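This is what each chain is made of:
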Amino acid sequence: MTTQTEITLVGAKTTDWKADDGRHYDYVNLYGIINLDNSQGNAVGQGVVEFKWSDSKNIALLRGRQLPMKVIIELDMVSTGKGMKQVLTNVILPPVSKV
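A short tour of the structure in this document, coming up. From a predicted model like this one, the values you see are computed outputs, not experimental measurements. (Residues numbered from 1 in each chain as written. Predicted model: local features only at pLDDT ≥ 70, side-chain atom pairs only at ≥ 80, totals over all residues. Heavy atoms only, no water.)

1. Focus on the nonpolar core
Within soluble globular proteins, side chains that are nonpolar tend to cluster in buried spots.
Stage number 1. Counting 14 residues, the largest nonpolar core has Leu30, Ile73 and Leu88 as the members making the most contacts within it.
Stage number 2. Looking at this core, the element that brings in the most residues is strand E4 (residues 69-79), giving 4 residues.
Stage number 3. Leave out the neighbours within four places in its chain, and Leu30 touches Leu9, Gly11, Ala12, Val49, Glu50, Phe51, Trp53, Leu62, Leu88 and Val91. (Core = buried A, V, L, I, M, F, W, Y, C linked by side-chain atoms within 4.5 Å. Buried < 20%, exposed > 50% of the residue type's maximum accessible area, 1.4 Å probe, protein only. Helix = DSSP H or I, 4+ residues; strand = E, 2+ residues; numbered from the N terminus. Contact = heavy atoms within 4.5 Å.)

Encoded structure:
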C-alpha cells in the first residue's frame with residue numbers, strides 16, 4: 001500500500017560504503033519537516049525526520065536546487081514479521097524553475 005505525503009525538505013546527505021561483513025549501504029538521507037503528534041496533548045509544532053532514499057546517486061537530482069522546498073514522498077507500508085514500517089519508495093520533486 002503506497003501513500004503520498006508532502007514534506008518540507010531541508011537537507012540531504014549521501015551514504016555509500018561497504019561494511020566488513022559485505023553489506024553495501026548506498027542511499028541518500030533526506031531530512032524533512034513534519035508535524036509532531038499532538039494527539040496526546042504533549043507536543044506542538046514540527047520536527048525533522050530522516051528518510052532513506054535508495055541509491056546515493058539520487059543526490060544529483062537535488063544539486064542546484066534551493067532548499068528548503070516542498071516535495072512529495074511516496075511511502076510503502078511493509079511488514080517486518082512482527083510489526084509494520086514505512087519504506088520510502090519515491091520522491092517527486094517540483095519542476096526546476098528556469099531563470
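2. Looking at a nonpolar patch on the surface
Stage number 1. On the surface, Met1, Met77 and Met84 cluster together to form a nonpolar patch covering roughly 340 Å² of accessible area.
Stage number 2. Looking at the element boundaries, Met84 is found in strand E5 (residues 84-92). (Patch = residues over 30% accessible without salt bridge, like charges linked within 9 Å, V, L, I, M, F, W, Y side chains within 5 Å. Areas by Shrake-Rupley, 256 points an atom, 1.4 Å probe, with all protein chains shown as cover. Salt bridge = Lys/Arg side-chain N within 4 Å of Asp/Glu carboxyl O.)

3. A few points about the pairing of E4
Stage number 1. Two elements, strand E1 (residues 2-18) and E4, share 8 bridges in a ladder whose sense is antiparallel. Residue pairing in the sheet places Leu9 in a bridge with Met69 of E4.
Stage number 2. With 8 bridges joining them, E4 and E5 adopt antiparallel strand pairing. Its bridge partner being in E5, Leu75 is matched across the sheet by Leu88.
Stage number 3. Connecting E4 to the next strand, E5, in antiparallel fashion are 4 residues, including Gly81 with a positive phi near 100°. (Pairing = 2+ DSSP bridges.)

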